[in-house]
Amino acid sequence: MAEIARRTIIGAGTAAALTVFGSGTARAGARSAPAAGAGDAPRRGYAFLDAAADGYPEHGGIRLAQSYADQAGLFSTAFTYDNALAILAHLVRPGREGRARAVALGDALLYAQTHDPQYADGRLRQGYNVGPYVFYDGSAQPDGFVRADGTVNVGTQFGFTGTAVGDMAWAGIALAALAARTEARRFLTGALRIGAWVEAHGRTDEPLGGYKFGVDGADRPLPYTSTEHNIDLTCLFGRLARLTGDTVWLERRARARAFVEKMWNGSGGFFHTGTNDGVTINTNPVPEDAQTWSYLALRDRRRARSVDWAADGLAVLDSSERTNSAVPAGQLYGGVTFSSASLVANEDAPIAPSQPKPDRSGVWFEGTAHLALALRERGAAGDARRAARLLASVEKAQDHLGPDQTVGGRPLPERSGVVSASSPLDTGYGFGYYPYRHTGATAWYLLAAAGANPLGTR
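Reading the values: the criteria
Residues numbered from 1 in each chain as written. Predicted model: local features only at pLDDT ≥ 70, side-chain atom pairs only at ≥ 80, totals over all residues. Heavy atoms only, no water. Helix = DSSP H or I, 4+ residues; strand = E, 2+ residues; numbered from the N terminus. Buried < 20%, exposed > 50% of the residue type's maximum accessible area, 1.4 Å probe, protein only. Contact = heavy atoms within 4.5 Å. Areas by Shrake-Rupley, 256 points an atom, 1.4 Å probe, with all protein chains shown as cover. Lys, Arg positive; Asp, Glu negative; His and termini not counted. Charge placed at Lys NZ, Arg CZ, Asp CG, Glu CD. Expected span 1.5 Å × (residues − 1). Phe/Tyr/Trp six-rings, centres within 6.5 Å; stacked < 30°, edge-to-face > 60°. Axes fitted to C-alpha atoms, helices over the stretch in contact; angles between N-to-C directions. Left-handed = near helix turned anticlockwise from the far one by under 90°. Nonpolar A, V, L, I, M, F, W, Y, C, P; charged D, E, K, R; others polar. Pairing = 2+ DSSP bridges. Salt bridge = Lys/Arg side-chain N within 4 Å of Asp/Glu carboxyl O. Parallel < 35°, antiparallel > 145°, perpendicular 65-115°, else oblique.

Q: Help me understand the overall build of the protein chain, please; the structure alone is not making it clear to me.
A: Scanning the protein chain from N- to C-terminus turns up 13 helices and 18 strands. Principal-axis analysis of the C-alpha atoms places the extent of the protein chain at approximately 55 × 55 × 45 Å. Within the span of the protein chain, comprising 458 residues, buried residues form 64% of the whole. The contacts of the protein chain with a sequence gap of at least 6 include a subset with a gap of at least 24, amounting to 73%. Carbon together with sulfur atoms contributes 53% to the accessible area of the protein chain, which is approximately 15,500 Å² in total. Positive and negative charge centroids in the protein chain, built from 46 and 45 side chains respectively, lie 6 Å apart.

Spelled out as structure tokens, the structure:
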């Protein structure tokens, strides 16, 4: 069994939720207008982030950003991870609007932390509902992010009710960044509560060490330990150490980093995905994010080859001539896919029931942005040129892919937001990505375009 990835649904209704994730794949229609150029592309990316946060204005001022366009079939789901990324992207946005947007989303995460319907221990759930909808079974979901009783609207219909240490780490990183930028104590308090929750619920003394995956929707501990999660924690704990001066966070950072280093495959030049049992390393699949995030967080020149492994080993080129491609005729997109398993996915079978068949050459644009930023950060010979080509592909996708999509039933601004994938792709972890505009992919693009490393501790 492959280790569950951070984006895997960890609530009680996993099977049902995976069935409807990204249901349907709409091919892009006529060719979009010519690209306005890289200078305009970030502005349009931010226009999408704004629209994703403003989709349900009649449901109050405390709000999170919807993660995907309505057409993805996830309705008003707002993932904690995506909103943390949106905060970090807004903090590098030129002008005053970025800070105001980041603060608003940060306050919404703090509200979720203190108004959970069940827990008061500082946890955040995997996802929330931020607007009304009618679920596939005909049941109405009438509330916004804040229910009438003041509690937050946890994403129970899809089972997004668990808590993963990776999601928590990213929320903590975003809150710590807000604390550093605004000097507002509430953001540091929220980040510290996240760190304490992870320590209490994730720390393990198993042979491989590190921090475990988290808990499911019934608060049952999950047995997996993720390389990616522990990379995230090295950043969070490092930031908490710097902001507080408390050396206990350095010890915790060292524990997370030690696990990551145990996942290093020196002969192959990549990091393994993690472990299911705390004893045996999972050797397949090999994911992209562990390769690029490890460099962004650790800046370890001895293991910088992982960036090259992702760039070369997961490279894909998607076109309309490809099997199961959703790319419009005459267009071509380069980048990387999600994992080694994506490259050998069964193109004759749906990714999940009721889902389209995957394209082995589908470009994962979030991961392509990870890679572009890691190359920019590393700065070796040829890295800047490779990063520029990857960013150009993401910007082209923003121009041409996912037209006529909506958030909260409202049309998105023209050519705004990056789709999660050029075509349906199978991650190899039990779920897929599809050509729907995505808050997380857009935020990573904006960070990469700005050369802003969200995992650095400096």
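Text resumes after the structure shown.
Q: Looking at this structure, I do not really get the environment of alanine 310. What am I missing?
A: In this structure, alanine 310 sits in helix α10 (residues 305–313). The sequence separation of alanine 310 and glycine 73 amounts to 237 residues, and the corresponding C-alpha distance is 30 Å. Apart from residues lying up to four places away in sequence, alanine 310 is in contact with Glu288, Gln291, Thr292, Ala315 and Val336.

Q: I tried to follow helix α13 (residues 439–450) on my own but got confused; where do I start?
A: Every α-helical turn comprises 3.6 residues, leaving residues that sit three or four positions apart pointing alike. Relative to the 16 Å expected for twelve residues at 1.5 Å per residue, α13 spans 17 Å between its end C-alpha atoms, a close match to the ideal helical length. Most of α13 is tucked away: ten of the twelve residues are buried. Buried residues of α13: Thr439, Gly440, Ala441, Thr442, Ala443, Trp444, Tyr445, Leu446, Leu447 and Ala448, and no others. Looking at the packing, one finds that the buried side of α13 touches α2 (41–53), α3 (80–90), α5 (165–182), α9 (289–298), α11 (365–378) and α12 (383–400). With its phi angle positive at about 65°, glycine 451 sits one or two positions after the end of α13.

Q: Looking at this structure, how should I read unusual backbone geometry?
A: Peptide bonds are trans in most cases, and residues, glycine excluded, mostly fall at negative phi. With an omega of -5°, the peptide bond between asparagine 284 and proline 285 qualifies as cis. Of note, proline 285 is situated in the loop between β12 (281–282) and α9. In this model, glutamate 183 sits at a positive phi of 60°, which is unusual for a non-glycine residue. Its location among the elements puts glutamate 183 in the loop between α5 and α6 (185–202). Judged by relative accessible area, which is 72%, glutamate 183 ranks as exposed. One non-glycine residue with positive phi stands out, namely aspartate 219, at about 70°.

Q: What should I look at first to understand the environment of leucine 373 in this one?
A: Residue position: leucine 373 is located in helix α11. Looking at leucine 373, the relative accessible area reads 0%, which means it is buried. For leucine 373 and glutamate 58, which are 315 residues apart along the polypeptide, the C-alpha to C-alpha distance reads 37 Å. Other than its neighbours up to four places away in sequence, leucine 373 contacts Leu296, Trp444, Leu447, Ala448, Gly451, Ala452, Asn453 and Pro454.

Q: Where do I start with the packing of aromatic side chains in this structure?
A: Aromatic rings in a pair are described by how distant their centres are and how their planes are angled relative to each other. Enumeration over the complete set of coordinates arrives at 27 aromatic pairs. Ring geometry for phenylalanine 338 and tryptophan 364: centres 4.6 Å apart, planes at 55°, overall tilted. In this pair, phenylalanine 338 sits in the loop between β14 (332–336) and α11 while tryptophan 364 sits in the loop between β14 and α11, placing the two residues 26 residues apart along the sequence. Classification of phenylalanine 338 as buried rests on a relative accessible area of 1%. With a relative accessible area of 0%, tryptophan 364 lands in the buried category. Taken together, the aromatic side chains of Phe75, Phe79, Tyr133, Phe135, Tyr136, Phe158 and Phe160 make up a single cluster linked through ring pairs.

Q: What's the story with the packing of α9 against α11 in this structure? I'm lost.
A: Angle between the axes and distance between the axes are the two parameters that describe a pair of packed helices. Between α9 and α11, the least distance of the axes is 9 Å, while the angle of their chain directions is 35°. The handedness of the crossing between α9 and α11 comes out as left-handed. When α9 is examined against α11, the residues Asp289, Thr292, Trp293, Tyr295 and Leu296 are found in contact with a partner set consisting of Glu366, His370, Leu371, Leu373, Ala374, Glu377 and Arg378. A breakdown of the residues in the contact of α9 with α11 according to their chemical character gives six nonpolar, two polar and four charged.

Q: Any chance you could explain the sheet that holds β12 here in plain terms?
A: Pairing between sheet strands relies on hydrogen bonds along the backbone, with the strands arranged either parallel or antiparallel. Pairing in this open sheet of three strands is antiparallel, and the strands run β8-β11-β12 from one edge to the other. In this open sheet, the two strands that pair with only one neighbour each are β8 (225–226) and β12. Bridge count between β8 and strand β11 (residues 274–275): two bridges; the pairing is antiparallel. Each residue of the ladder has a partner; that of serine 226, found in β11, is glycine 274.

Q: Sorry if this is basic, but what is going on with the pattern of salt bridges here?
A: Pairing between side chains of opposite charge can happen when their charged atoms approach one another. Under the defined criterion, the tally for this structure stands at 35 salt bridges. Across the pair arginine 63 and aspartate 54 runs a salt bridge, and its minimum N-O distance is 3.2 Å. The class of aspartate 54 is partly exposed, set by a relative accessible area of 26%. Between aspartate 383 and arginine 386 there is a salt bridge, and its shortest N-O distance comes to 3.3 Å. You can see aspartate 383 and its partner arginine 386 sitting in helix α12, three residues apart, about one turn around the helix.

Q: Would you mind showing me how to read the packing of α11 against α12 here?
A: Packing of α11 against α12 leaves a shortest axis separation of 8 Å and a crossing angle of 155°. In terms of their interaxial angle, α11 and α12 are classed as roughly antiparallel. Both α11 and α12 take part in a crossing whose hand is left-handed. Taking contact as the criterion, the partners of Phe365, Thr368, Leu371, Ala372, Leu375, Arg376 and Arg378 in α11 are, on α12, Asp383, Arg386, Ala387, Leu390, Leu391, Ser393, Val394 and Ala397. Tallied by class, the residues present in the contact of α11 with α12 amount to nine nonpolar, two polar and four charged.

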